[in-house]
Each structure stands twice: as C-alpha cells, then as structure tokens.
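# Structural characterization, general
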Amino acid sequence: MTKYESLINDLAPRKFGKRGTIWTFILVVIIIIGLIAYIDQIRQGQVVTNMRDYALWGIYISNFVFFVATSFVGSATVAVLRLTNNSWRTPVVRIAEIISLASIVMAGFTIMIDMGRPDRLLNLFIYARLQSPITWDVIIIPTSIILSFLLLYFPLLPDLAILKKHHLKTKPTFSKWYGKLSLNWTGSKAQKAIQSKSIKIIAIMVIPVGILLQTIDAWLFSTTYRIGWDSTNMGAYFTSGAFVAGLGALITVVYVIRKVRGLEHYITDYHFDKLAQYLLVTCLAYVYFNINEYLIPIFNAPAEEEIHLNALVYGDYAGIFWFSQIVGLILPILILLFKKGRKPLPMLIVGIMVVLGSWWKRYIIVTPTLLHPFLPIEGVPESWHHYFPSIHEWLITVATLAMALLIITLFVRFLPVIPIQRTAEEKGLLKTDKKAES
Amino acid sequence: MKNRSTSRSAFLVWTTGFLFCLGLSNIYAQNDEKYRVRLRADYVKIMEGDAYLNIKATAKIEDETLPVPNLEIAVYNEVEGEEIILGNTKTNMKGESRFLLNKSDLKADSTNTFNLGISFKGNDSFKKASKSTSFKDAHIEANLISKDSINYLTATLKETVTDSLLVGEALDVQVQRLFRPLKIGEEFNFTDENGTILVPIDKGIPGLDGNLIIEVVLNDSDSYGTVKAIVNAPVGTPIVDESTFDQRKMWSARNKTPIFLLIFINLTIAVIYGLFILLISNLFRISKN
C-alpha cells in the first residue's frame, strides 16, 4: 500500500463501531422525545412553556443565540485562517465547516420552535417590515445556511471524487453517490480554477455575512429600549462572544473525532496549541467587551440598570452569571496561558467549559432583562415574575442540541473530516498538476 | 454479619424514604386557613350612556392587601326582601370587574331607592362574602354657554323620579385626559338653589382639533353613587400634530420604510444572492468540465 493509499484509508469515512451506533441511537431517542414534546406544544399552545407576558423570550431564544454564535466558527476558522494563509488550519477546517452548517440550520429550526404559530411562518416574509431587525434576521439566516453549505461543498469536491474511486469495488452504492456528489470532478485545470475562484469568493463573503449575522442577532436586543440590551457595545460583544463559542465547540468536536477516528497523526498537539492560542486571543477580546458591557453601567447606570446588574452579580442570576464568566471565560484563559494547558486533553476540558459557559451566557443575556422592565410588573400572578424553563422547553431544547450533534455525526460518518486531497498535497503525496494534465 | 449489613441498609433506605415523604407531605399539604375577601361595589351612571357597578375584590394575605383575581361574583337586586339575580361576573387579574346594569331590569323600593348586592359564595381559598350598595337615580344636565366672550360650563343636578333640584352637592368639572382628568373651576363647585353650577372654561386648554371632552361628575355620593355627564366642547386650543405617522421613518409602517434602508438592504441581498447564483453556476460549470 502506497503512502497515498494509506492516507485515503486513514481519512476516508468509516462505518460506526459499537460506540458510534450507541451514540447515534441515544441522539435519535433524545430527538424523538423532543419531537413528542414539540408536538404537544403545538397541540396545547405555548402555555406548556413557562414563557408569559414578561418573560416572552426564554430558553428557545437563548438557545437560538447560542446556535447563531457557534455557527460563526466557519467564518472564524475557515475564512480568517484562509485569508491569512495559516496552513495549520487544514485538519480542522472541515470540522469547522460541518459545525457551522449544523449550527445555523438548527438556529433556523429553533426560531420556528419559539413561534406560537409556526404555520404562519410564511407571514414573516409576506408581511416583512424592513425596518425590523427581526426581518433582517429572517433574511440573514437562510443566507447563512446557503453560504455555510457552499463553504462545505466546494472544498469537498476533490475528496468526493477520491472517495468514489476508493469505494468503487468495496462499496459500489457509496461510490455511485460520491460520484454524483463530486460533480464529475477529475481535477482538471479548468475545474480547479473554477473551484479555487469560488472558494476565494466564499471565503471573502463568509466574513461580512458572519459579522452581519452576529450583529443582527445583537441588534435584535440592542434596538429595543430595555435594560441590559440597550447598548451600543452589543454588536461587537456578540461577535467576539461568537468567536469564543464557535472555537470552544470546534475544539471539543475536534478532540472527540480525533480520539474516535484515531487521527492523532493528522491532528497533532501542534494543531491544538494553535487552536488554543486562537481561543486565548478571542477570550481576551471577549473579556474586554464584557468589561465594557458590565463595568461601565456600574458608573453611570440609572436605578433600573442597577437593579438588573445586582440581580446578575448578587441576586437570582448570580450563579449562572459567575459560572459563565469564571468557568466559561476566566478559567479557560488561565489554563490556556500555560503550555501544558494547550495539550489535547486540557483543551477538551477548556472546550467543554467554554461551550457550557457560552450557552448559559446567552441565557442570562435574554431572560433577566425581560424580567426587569422599566415599569413595575403588576396585575399578574406571582409566578409570572420569574422564569425557569418548563419540562417541555428543556426536552425540546436538548433535542435541538442533539439534532445539531446528529447532523455533525452523520457528516462525520459519510464525509472525510480532514480534507484528503489537500492533506495529500501538503504532504507531497500527489503531483496533482501532472496527474490532472494527463 | 451480612444480615446485619442488609438490615442496616434497609433501615437507611426506609428512613430516607420516610423523611422524603414527610418533605413531600409538607410541600403538598393544603393550607386549611381560608382568607377573608373584601368586596366593594360602586354604582356609576354615565348620562346617555351605560350604568354599571364597579366591583373590586381584595384580601389581606400575610399582612398585605392583594387583589383577588378570577372570583365568581353574583349580582342581585334586593326588592322587598327578595333577591332578584341580575347576573354573574368574574374579577380580572387586578381583582376588578365592571358589571353592566340594564336599567329596565332594576326595581326600586318604596322610597325610590335601588338596593343592589354582590355576593361570593366562597371556595377552597376564600370565605364567602357579600356587599350591598343603595342609590337613588339622579341625573345631570350639562351645557356649554358663552357670555361676554367667556365660555362657561353649566350643569344642573336633579333627582330623576321626583324631578327635584339637588342643592349643595359638590360637582367636579374636568377635562378628559389619558392618565388622569384635568380639573377646571374651583376645587369644590357646589350646586346653588337652582341645583346648578357655572364654571368658566380657561382659554388655551389643548385638545385634538380644539375639541375638549368635559366631564361633570357627582363623585361617589352616598345617596346617588357616581353620576357623570359628558359634554363635547370645541373651545380648546387645537393640538399641532407632530406625528411622523405618514413619514418614512424607522418606526413607521412597512409601506413607509426609509428609502436608504430599502436601497441598502435590497442592494445587499442582490449582491449576496447574485454571488450565490454565480457560485451555483460554477458548480454546473465544474460538472460540465
């Protein structure tokens, strides 16, 4: 077996083992339970949630914001690293593309879950009011889904052609499908030129579209005159937070795939070190924006803002607030400062901490503000003064997270998670130009 | 030895279970104490409009007076010891309810007094309660007059059945406003021997198109309840409309989107989706090559 064949063998998708099957089965079960809860929510109405007149956005919206943030990993790694010619990106770039697509698709679903009447979804387009950030969100999410798909698909073409050939004898059905999806890719000069130009266009597009997505998401909040949201810092704050959430998710998934697929030779300590440095820089930027967001209002805040800040720092939300700040941000920075902390296993722990911190961070961005209106909450039952998700909300939310993981799992099952062609080229295993010419 | 450890474990499990159940019973135990509801019923009559009872239910719970929502209340008319049910109503989240009265259904006693009652029959949380209110029918005749270029509001208060003038009653004169009415005239405008008041209307009171809606109110009288007459007086200063309703603003309706926004968003969409079309056509070009 040549080195090239050995590389294809290593990187080609493989059938799941026992662990993979159990993992997929668990995800499917969680999704089915969530689906049942969602059907019940549609049947009974949103009364099954704990959202009421004041807390009218709850866990669904915070989960949506989390998905949107995580989807930024595509822009953060693929585009930024490509445009800055960082060659270490190769083994992690496809995983980032997969996470990006899975997250943005699930963000779209999650927003529909939050709708009381999803059957009226089309009205969002028919009666769109262009002044509303909600309309901008409705436009930018499908746009991001298309872009994330193209971002994943274009670089995949050569690999799909390789897989077609690889599976020709052993798995003819797979080979046929890979062949169809590879769009008759032969690696000719003309094809390469078109592909390369297209990827460049996508890489350039991904950055402004990604920033637009995060900013619009932030403007959903900051354009409303509400305590905790009414901030000019919000767009940059959300974008820097998205870098952190996306990279945290990427590091976690990269570690798991590396371990499960035995890709230690391809995703090395060097790559984790680079990812760690990248995450460290983004975490520091996020700390800076957090200081802007929380510290400045302490100096000049009106009384209402003070109540809100006190609830976050000392009050009902203090646990979640400090968890997201310390576990999700400060501790990762401290760990990543040390070389030992930038090794794969500590990085997995950091990745999980960052993802959990990021998820809860979105929760405390959304909920406390709604429960601190300018006018006192009056004339409603006492339970409406508080919000904590109901069982339905938890089941559905966990199901959306499971769905995102299932999408990632299925992509990992059927696609090469590390670009084969590019890796072969970088390792000098292919004389691509000559082959293409012949 | 083994038996001993098994029985110890069983005891531990039993004790834990027992304590857990104790905790549960504490959580789910019903609070036997029933609260006392305080009802209030105020009769209000709008001249040439509705007459209704304003009902309010409150209860003192843990030293705090709170409104009682969703309380089923029966409204009845007491005539010579007989209670004629007029209907039922339910309090809202503020513990309030407005029960419209059909004047033709109401019967007065021999002194021309209407006796209305409200009652709540009690439930798991609150004791039964009732409240009655009595009133005679009165009416206010209000008019706008002009003397020596000064506008006045004149109003006469009479008892309806006897058509007798009511002297020495205090009437409020006020202009309707969004949050609370704007009082005009003296603090107390007592009816004279003709049962009449005369209140000058200041110049310069703003109103939509110069129209003022002026109320003359006999407020919460022991004998007559609240009686209100409304007069439309085109004697105010017109409010200059500064609304941007018809302008293209960020807060306007969808058909009034600012031009710059229309151009910017549509241009952005056109550029992005134009590139998408180019990219998808590139996929076709790749497959053809």
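All of the points below concern the structure found in this document. Just so it is clear, the structure is predicted and the values come from calculations on it, not from any experiment.

Here we take up the pairing of strand 7 (residues 113-120) of chain B. Residues and elements named next belong to chain B. Counting buried positions over the 8 residues of strand 7 gives 7, a clear majority of the element. Of the strand pairs in this sheet, strand 7 and strand 8 (residues 129-136) are connected by 8 bridges, and their pairing is antiparallel. In the strand pairing of strand 8, T113 is matched with K136.

A separate point is the nonpolar core. Within the largest apolar cluster, 137 residues are counted, with the highest numbers of intra-cluster contacts made by I95, F154, F221, L250 and L279 of chain A. If one sorts the elements of this core by residue count, helix 7 (residues 133-166) of chain A sits on top with 15 residues. With residues near it in sequence (within four places) discarded, L250 of chain A still touches V73, T77, V92, I95, A96, I99 and L275 of chain A. Residues L53, I55, L116 and I118 of chain B belong to the second largest nonpolar core, which totals 25 residues.

This part is about the pattern of salt bridges. Scanning the entire structure with this criterion turns up 15 salt bridges over all chains. Among the salt bridges present, the one from R422 of chain A reaches E426 of chain A, with a minimum N-O distance of 3.4 Å. Of this pair, R422 of chain A and E426 of chain A both sit in helix 16 (residues 420-426), separated by 4 residues, roughly a single helical turn. The exposure class of E426 of chain A is partly exposed, given its relative accessible area of 43%. Where R40 of chain B meets D220 of chain B, a salt bridge forms, and the shortest distance between an N and an O atom there is 3.8 Å. With R40 of chain B in strand 1 (residues 37-46) and D220 of chain B in strand 16 (residues 212-221), this residue pair connects regions lying 180 residues apart in the sequence. The class for R40 of chain B is partly exposed, based on a relative accessible area of 44%.

All names here are of chain A. Regarding helix 12 (residues 303-313), the residues found buried are E305, H308, L309, A311 and L312. Taken around the axis of helix 12, the buried residues stretch over an arc of 155 degrees, which confines them to a single face. Set apart from the buried face of helix 12 by more than 90 degrees, the exposed residues are A303 and I307. In this structure, the buried residues of helix 12 make contact with helix 11 (269-300), helix 13 (318-336) and helix 14 (344-370).

On to the packing of helix 10 (residues 234-261) of chain A against helix 11 of chain A, then. Two packed helices can be described by the angle between their axes and the distance between those axes. Residue and element names in this part refer to chain A. Contact geometry for helix 10 and helix 11: axes closest at 9 Å, N-to-C directions at 155 degrees. It follows from the interaxial angle that helix 10 and helix 11 lie roughly antiparallel. Both helix 10 and helix 11 take part in a crossing whose hand is left-handed. Tallied by class, the residues present in the contact of helix 10 with helix 11 amount to 18 nonpolar, 5 polar and 3 charged.

On to helix 9 (residues 189-222) of chain A, then. The end-to-end C-alpha separation of helix 9 of chain A is 49 Å, in line with the 50 Å expected for 34 residues at 1.5 Å each. The axis of helix 9 of chain A is deflected most strongly, by about 25 degrees, at V206 of chain A, and proline P208 of chain A appears within four residues downstream.

This part covers the interface of chain A and chain B. Contact with chain A, which involves 34 residues of that partner, is made by 29 residues of chain B. Surface buried jointly by chain A and chain B totals about 2500 Å² across both partners, of which 74% is contributed by carbon and sulfur atoms. Linking chain A with chain B are 13 residue pairs in polar contact (both at pLDDT 80 or more). Mapped onto the side of chain A that touches chain B, the elements with two or more residues apiece are helix 7 and helix 9 of chain A. Among the residues making up the side of chain A that touches chain B, the classes are represented as 24 nonpolar, 9 polar and 1 charged.

Residues and elements named next belong to chain B. A sheet is described by the order of its strands in space; here 3 strands give the open sequence 9-10-14, paired in antiparallel fashion. With one partner strand each, in any of the chains shown, strand 9 (138-147) and strand 14 (196-200) form the two edges of the open sheet. For this sheet, the mean inter-axis angle between neighbouring strands, taken without regard to orientation, is 20 degrees. Here strand 9 runs beside strand 10 (residues 150-159); their pairing, made up of 10 bridges, is antiparallel. When the bridges of strand 10 are listed, A142 appears paired with A155.

Going through the model one piece at a time under the given rule, you end up with 29 aromatic pairs over all chains. Plain terms: the ring middles of W360 of chain A and Y363 of chain A are 5.3 Å apart, the flat faces sit at 75 degrees to each other, and that makes the pair edge-to-face. A residue pair is termed a helical-turn pair when its members lie 3 or 4 positions apart in one helix, as W360 of chain A and Y363 of chain A do in helix 14 at 3 residues. Residue class for W360 of chain A comes out partly exposed when judged on its relative accessible area of 21%. Where Y273 of chain B meets F276 of chain B, the ring centres are 5.1 Å apart and the plane angle is 75 degrees; that geometry is what we call edge-to-face.

On to the sheet that holds strand 7 of chain B. Residues and elements named next belong to chain B. Taken in spatial order, the 4 strands line up as 5-4-7-8 in an open sheet, and their pairing is antiparallel. Whereas interior strands pair on both sides, the edge strands pair on one side only; in this sheet they are strand 5 (82-90) and strand 8. Put simply, the sheet's adjacent strands are angled 25 degrees from each other on average, direction ignored.

There is a patch of like negative charges on the surface, built from E33, E62, D63 and E64 of chain B. Of note, E64 of chain B is situated in strand 3 (residues 64-67).

On to the side chain of S97 of chain B. All names here are of chain B. Locating S97 in the fold gives a position in strand 6 (residues 96-101). The buried category is assigned to S97, whose relative accessible area is 8%. A polar contact of 2.4 Å, which involves the side chain of S97, links it to the side chain of T89.

Let us look at the pairing of strand 10 of chain B. Residues and elements named next belong to chain B. With 8 of 10 residues buried, strand 10 lies mostly within the body of the structure. Alignment of strand 10 against strand 14, held across 5 bridges, turns out to be antiparallel. Its bridge partner being in strand 14, Y152 is matched across the sheet by P200.

All names here are of chain B. At E48, a position not held by glycine, the phi torsion is positive, near 55 degrees. Summarising the element assignment, E48 is placed in the loop between strand 1 and strand 2 (51-61). Of note in the backbone geometry, D148 takes a positive phi value of approximately 50 degrees without being a glycine. Looking at the secondary structure, you find D148 in the loop between strand 9 and strand 10. The exposure class assigned to D148 is exposed, which follows from its relative accessible area of 74%.

What counts and how
Residues numbered from 1 in each chain as written. Chains lettered and ligands numbered in written order. Predicted model: local features only at pLDDT ≥ 70, side-chain atom pairs only at ≥ 80, totals over all residues. Heavy atoms only, no water. Buried < 20%, exposed > 50% of the residue type's maximum accessible area, 1.4 Å probe, protein only. Helix = DSSP H or I, 4+ residues; strand = E, 2+ residues; numbered from the N terminus. Pairing = 2+ DSSP bridges. Core = buried A, V, L, I, M, F, W, Y, C linked by side-chain atoms within 4.5 Å. Contact = heavy atoms within 4.5 Å. Salt bridge = Lys/Arg side-chain N within 4 Å of Asp/Glu carboxyl O. Arc of directions from axis to C-beta. Axes fitted to C-alpha atoms, helices over the stretch in contact; angles between N-to-C directions. Parallel < 35°, antiparallel > 145°, perpendicular 65-115°, else oblique. Left-handed = near helix turned anticlockwise from the far one by under 90°. Nonpolar A, V, L, I, M, F, W, Y, C, P; charged D, E, K, R; others polar. Expected span 1.5 Å × (residues − 1). Bend = angle between axes of the 7 residues up to and from the residue. Buried area = accessible area lost by both parts, 1.4 Å probe. Polar contact = N/O pair within 3.5 Å; in protein donor to acceptor, adjacent residues only side chain to side chain. Phe/Tyr/Trp six-rings, centres within 6.5 Å; stacked < 30°, edge-to-face > 60°. Patch = residues over 30% accessible without salt bridge, like charges linked within 9 Å, V, L, I, M, F, W, Y side chains within 5 Å. Areas by Shrake-Rupley, 256 points an atom, 1.4 Å probe, with all protein chains shown as cover. Lys, Arg positive; Asp, Glu negative; His and termini not counted. Charge placed at Lys NZ, Arg CZ, Asp CG, Glu CD.

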